[in-house]
Amino acid sequence: MSSNITFDAELLRRYDQPGPRYTSYPTAPAFASEFGAAQLREQARRTNQELIPRALSIYVHVPFCFSPCFYCGCNRIITRDTTRSAPYLSRLAREIELIAPWFDRDREVVQVHLGGGTPNFLRPEQIFDLMESLRANFHLSGNAKRDFSIELDPRFLREGDIASYAALGFSRASLGVQDFDPVVQRAVNREQSVEQTLAAISACRDSGFRSVNVDLIYGLPKQTLEGFGRSLDTVTQARPDRIAIYGYAHMPQIFKAQTQIDEADLPDPAGKLALLQLAIDRLTRAGYRHIGMDHFALADDDLSRAQDSGTLHRNFMGYTTHADCDLIGLGVSAISHIGDSFSQNPRELPAWEIAVDRGQPPVWRGLALSFDDRVRADVIQQLMCNASVDIAAIENRYDIDFWDYFATGLARLEQLADDGLVELGQQRVAATSRGRLLLRIIAMCFDNYLNAATARPRYSRVI
Amino acid sequence: MRLKNNPIADDGDELRFCSTCAFSAACMEQGYDKTRLGELHVLVAHTGPYTEGMHLFREGDPFDAIAAVRAGTVKTYVTDSEGREQVQGFFLPGEVIGLNAISSSRYPCNAVALDPVMLCRFSFPDIAALATRMPGLQQHLFRLLSQDIGKAALLAGNFTADERLAAFLVSLSRRYAARGFSRTRFRLTMTRTDIANYLRLASESVSRGFRRLQDTGIVMVDRREIELLDPAKLEAMASSILRG
């Protein structure tokens, strides 16, 4: 990644438009309620019948948070009432019992991720019960290379929590930080000290966690290059194995908490891009590799290795090393990717609860991928993971003529090429170094669902 | 790695045989082209498509016709007294189903489509009559019949899971190649359970076997698609079963 990428005002104006983050293709707005539990079950049956059935990856959503961070676009429930976790967990156990029999027992679960919300809203003994419930119904891998990870809010960790997670088999932690600048922290209602954060990182190391990730956000209210630069330095000095730098997506019409943020405090597109540029410069200088989109990793981290060996994959949890898994999402709003399908649980807690209480697998909506979906998903996946597309590989794999097939996207790609964002060669479509910051824009040229709608308030701006 | 083309037969017409026709070679050898057959009023009916899971016939149905597969894969099976399914065979384009019914007047097994299947059905009395006039066709019918019986030998004997799997893949490869399809890249339309049942193995043994073949660089597997990377080695593994 070259260090000096400049965008003129005209380019910025043209490309600062809403676009999907492509954690899936087709993206969630294309999911429909015609795809329900019966369809998902059929997909699961088919995956069991593959010659070498894929290993399984399990995502568990824990929706509760103690306090509202104003920037948050996640599905979460703000409460200080920790008794709410017990009924949620017993329903999770029920959901596990409903879904697990769909999968042959010889399929190993090689990845478990607890996300939120705030998974450490649960006490360690509750997480123990959850893991036991998974262990009783699935074949959890005992292999040292398995990947059990948990998202943690350092502000609410208690003494000994992290050691307990390690004892339960977790070996990767993701810590929310966002920005250490106290002015920004007050503006987003998330006050978290450097000491607290560094203590959590040390505790992970001392407990034998293999990898620690830190989440930062650029584009927050009152954020400055100076303040964010100091945060970046503090974080890189702690040497987490991975750093994610997410762009703040201001969509108060969708995410109610964001109405607390004064739009006047937000940096403009040029300011946002400068913050991102600063992050890329500081992180690369500190020895981190830009994996793609919003993710950075040290050279010896699993993600970097996966990128070198071509096994990097992108899904709802961001970038991952487990390309060949079927993903089972459990809990409210969780998304599954099983066989050639995507599906999602109800976003609202009561709807999820009712389904589980009735003994119905809580599938709200989904989609079975068509041939066209699969071709485009593959292209977009390659773009997101390698910043380039191998034309011959796609032609060979799907028996298509690449430029015949993507003729409708070519005009837009040529525009991007003229603007120096992408190179259109004989062998590959490759993002330039400035284009790597706008992978979403390049991917949108291959998205067959965007053509219909011009204004899409459902997606955040790409910068 | 994915399959370039699914094996689908080129359709024939009044003058030409379908590319996968099970009888064209035998007829041509005898100097009977398609026009000549037409003059003999041999009734041939193209039927289908039958969609995945549809039965082509069931055990006990009256037998009146044999059918050649033009496209797709057909599985035949019987159900034992405890209701357990026993897979008898898989039939690819160009292969003939219903031959084992010749000795009786009813089908002795069930036949189900594993993917969209097209058939070419012809009345058995008609073709039997024709065969009396055409010694080559008669020989061909006997040959098909003995091939059908020969498949059972694949499963007898004390062979390892890997040997059975290798023999299964080599057999499919040869059969696809014989009809002009790729010898090294094809899609296994049968499920893991079906393969296990057919080879008399546990389902887990089938996937473990495929994984071993993949880890040793002999095949590459993607869901239900397979590429034979080292056909020679696979042949060697299968040799004790297939012998030639």
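Criteria and thresholds
- Residues numbered from 1 in each chain as written.
- Chains lettered and ligands numbered in written order.
- Predicted model: local features only at pLDDT ≥ 70, side-chain atom pairs only at ≥ 80, totals over all residues.
- Buried ≥ 20, exposed ≤ 12 C-beta atoms within 10 Å, placed from the backbone.
- Helix = DSSP H or I, 4+ residues; strand = E, 2+ residues; numbered from the N terminus.
- Pairing = 2+ DSSP bridges.
- Domains from an automatic or database assignment.
- Contact = placed C-beta atoms within 7 Å.
- Nonpolar A, V, L, I, M, F, W, Y, C, P; charged D, E, K, R; others polar.
- Axes fitted to C-alpha atoms, helices over the stretch in contact; angles between N-to-C directions.
- Parallel < 35°, antiparallel > 145°, perpendicular 65-115°, else oblique.
- Core = buried A, V, L, I, M, F, W, Y, C linked by C-beta atoms within 7 Å.

*Asks:* Explain the pairing of strand β16 (residues 341-344) of chain A to me, please; I cannot follow it from the model alone.
*Replies:* Two faces belong to every sheet, and in a regular strand the side chains alternate between them. All names here are of chain A. Residues Ser341 and Ser343 point to one face of β16 and Phe342 and Gln344 to the other, with burial holding for every one of them. Where strand β15 (residues 335-338) and β16 come together, four bridges link them in antiparallel fashion. Bridging from a neighbouring strand, isoleucine 335 pairs with glutamine 344 of β16. In this structure, the hairpin formed by β15 and β16 is closed by a connection of two residues, where glycine 339 is found at a positive phi of approximately 60°.

*Asks:* Sorry, what's going on with the domain arrangement of chain B here?
*Replies:* Interfaces are often described in size by the accessible area the parts lose on coming together. Residue and element names in this part refer to chain B. For chain B, the domain assignment lists domain 1 (24-153) and domain 2 (161-242). The interface is formed by 11 residues belonging to domain 1 together with eight residues belonging to domain 2. Looking at the side of domain 1 that touches domain 2, the element that brings in the most residues is strand β5 (residues 85-91), giving four residues. Among the residues forming the side of domain 1 that touches domain 2, the class breakdown is five nonpolar, three polar and three charged.

*Asks:* How should I be thinking about the packing of helix α5 (residues 161-178) of chain B against helix α7 (residues 203-215) of chain B in this particular structure?
*Replies:* The description of two packed helices rests on the angle between their axes and on the distance between the axes. Residue and element names in this part refer to chain B. The contact between α5 and α7 brings their axes to 10 Å, and the two run at 75°. One way to sum up the angle between α5 and α7 is to call them roughly perpendicular. Here Ala161, Asp162 and Leu165 of α5 lie close against α7, whose contacting residues are Ser205, Val206, Gly209, Phe210, Arg212 and Leu213. By residue class, the composition of the contact of α5 with α7 is five nonpolar, two polar and two charged.

*Asks:* I would appreciate a short explanation of the sheet that holds strand β11 (residues 225-228) of chain B in the present structure.
*Replies:* Strand pairing in a sheet relies on backbone hydrogen bonds. The paired strands run either parallel or antiparallel. Residue and element names in this part refer to chain B. Read from one edge to the other, the open sheet built from three strands follows the order β9-β11-β10, with strand pairing classed as antiparallel. Sheet topology places β9 (185-187) and β10 (219-222) at the edges, where each strand pairs with a single neighbour. The sheet shows a mean angle of 20° between the axes of neighbouring strands, taken without regard to direction. Sheet topology places β9 next to β11; three bridges connect them, and they run antiparallel. Across the sheet, residue arginine 187 finds its bridge partner in β11, namely glutamate 225.

*Asks:* Quick question: what am I supposed to make of the environment of Thr197(A) here?
*Replies:* Residue and element names in this part refer to chain A. Assignment of secondary structure puts threonine 197 in helix α7 (residues 194-206). Sequence-wise, threonine 197 and alanine 28 are 169 residues apart; in three dimensions their C-alpha atoms are separated by 33 Å. With sequence-adjacent residues up to four places away left out, threonine 197 is seen in contact with Pro154, Leu175, Val177 and Gln192.

*Asks:* Would you mind showing me how to read the domain arrangement of chain A here?
*Replies:* All names here are of chain A. Each assigned domain of chain A is listed here: domain 1 (1-26 + 371-463) and domain 2 (28-330). Contacts between the two partners involve 20 residues from domain 1, matched on the other side by 24 residues from domain 2. Ranked by residues supplied to the side of domain 1 that touches domain 2, first place goes to helix α12 (residues 371-386) with three residues. Across the side of domain 1 that touches domain 2, the residue classes break down as 13 nonpolar, five polar and two charged.

*Asks:* Please clarify how the environment of Ile201(A) should be interpreted in this entry.
*Replies:* Residue and element names in this part refer to chain A. Summarising the element assignment, isoleucine 201 is placed in helix α7. For isoleucine 201, a count of 21 C-beta atoms within 10 Å gives the class buried. Ignoring sequence-local partners within four residues, the contact set of isoleucine 201 consists of Leu175, Val212, Ala238 and Pro240.

*Asks:* Sorry, what's going on with the nonpolar core here?
*Replies:* The tendency in soluble globular proteins is for nonpolar side chains to be buried side by side. Ile58(A), Leu216(A), Ile243(A), Leu383(A), Leu439(A), Ile442(A) and Ala443(A) are the most contacted members of the largest nonpolar core, which totals 114 residues. Broken down by element, the residue count for this core peaks at six residues, all from α12(A). Ignoring sequence-local partners within four residues, the contact set of Leu216(A) consists of Val177(A), Gln178(A), Asp179(A), Ser231(A), Val235(A), Ile243(A), Ala244(A) and Ile245(A). Of all hydrophobic cores here, the second largest spans 55 residues; its members include Ala65(B), Ala111(B), Ala113(B) and Ile226(B).

*Asks:* Mind showing me how you'd approach unusual backbone geometry here?
*Replies:* Backbone geometry follows two general trends: most residues other than glycine have a negative phi, and most peptide bonds adopt the trans configuration. With an omega of -10°, the peptide bond between Tyr25(A) and Pro26(A) qualifies as cis. On the secondary structure map, Pro26(A) appears in the loop between α1 (9-15) and α2 (37-48). Each neighbour pair has its own omega, and for Gly48(B) with Pro49(B) the value is 5°, a cis peptide bond. Along the polypeptide, Pro49(B) turns up in strand β1 (residues 44-50). Although it is not a glycine, Gln178(A) adopts a positive phi angle of roughly 80°. Within the secondary structure, Gln178(A) sits in strand β7 (residues 172-178). Taking the C-beta count within 10 Å as the criterion, Gln178(A) has 23 such neighbours and is therefore assigned buried.

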